[in-house]
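A look at the structure
These are the residues of each chain, in order.
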Amino acid sequence: MMLFNHRYEVGVFKCLGDNQELVIEVGQKEYTLTLSDDEMADVEQHLVNQENLLIPFDKKSKQLMLNTDPTYEEEDMEELMNISEGGDVHGQK
């Protein structure tokens, strides 16, 4: 869990530009960050995990604070539902 203070703010994802540039709006200021391939993958994973367009941003270092831990809950639930539905097919109830 990350605690926010004056150094951190939540930025709003605006767009991805040419040459892997990420544009985010933090407060009233817009930042354009050039990302590496790994950072691009991390941003994509973060946006998928969060299901929103908010990205924690360190104003001092101008770095993104990304949550890239994979989420398995939804996939696990789908798998369990498929198993339970398949139980009738195999003569199990």
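The rules behind the values
Residues numbered from 1 in each chain as written. Predicted model: local features only at pLDDT ≥ 70, side-chain atom pairs only at ≥ 80, totals over all residues. Heavy atoms only, no water. Helix = DSSP H or I, 4+ residues; strand = E, 2+ residues; numbered from the N terminus. Buried < 20%, exposed > 50% of the residue type's maximum accessible area, 1.4 Å probe, protein only. Contact = heavy atoms within 4.5 Å. Areas by Shrake-Rupley, 256 points an atom, 1.4 Å probe, with all protein chains shown as cover. Pairing = 2+ DSSP bridges. Polar contact = N/O pair within 3.5 Å; in protein donor to acceptor, adjacent residues only side chain to side chain.

**Concerning the overall build of the chain**
- When helices and strands are tallied, the chain shows 2 helices and 5 strands.
- When the helices and strands of the chain are read in sequence order from the N terminus, they spell out β-β-β-α-β-β-α.
- Within the chain, the fraction of its 93 residues that count as buried is 23%.
- Intrachain contacts of the chain at a sequence separation of at least 6 include 38% that bridge at least 24 residues.
- When the accessible area of the chain is evaluated, it comes to approximately 7200 Å², of which 49% is carbon and sulfur surface.

**Overview of the pairing of strand E3 (residues 29–34)**
- Pairing of strand E2 (residues 21–26) with E3, which is carried by 6 bridges, proceeds in the antiparallel orientation. Bridged to Ile24 within E3 is Tyr31.
- Linking two consecutive strands that pair antiparallel, namely E2 and E3, is a turn of 2 residues; a positive phi of about 65° is found at Gly27 within it.

**Points about the side chain of Asp58**
- Turning to its location among the elements, Asp58 is positioned in strand E4 (residues 54–58).
- Among the polar contacts listed, one links the side chain of Asp58 to the backbone nitrogen of Lys60, at a separation of 3.0 Å.
- Not counting residues within four places of it along the chain, the set of residues in contact with Asp58 comprises Arg7, Tyr8, Gln63 and Met65.

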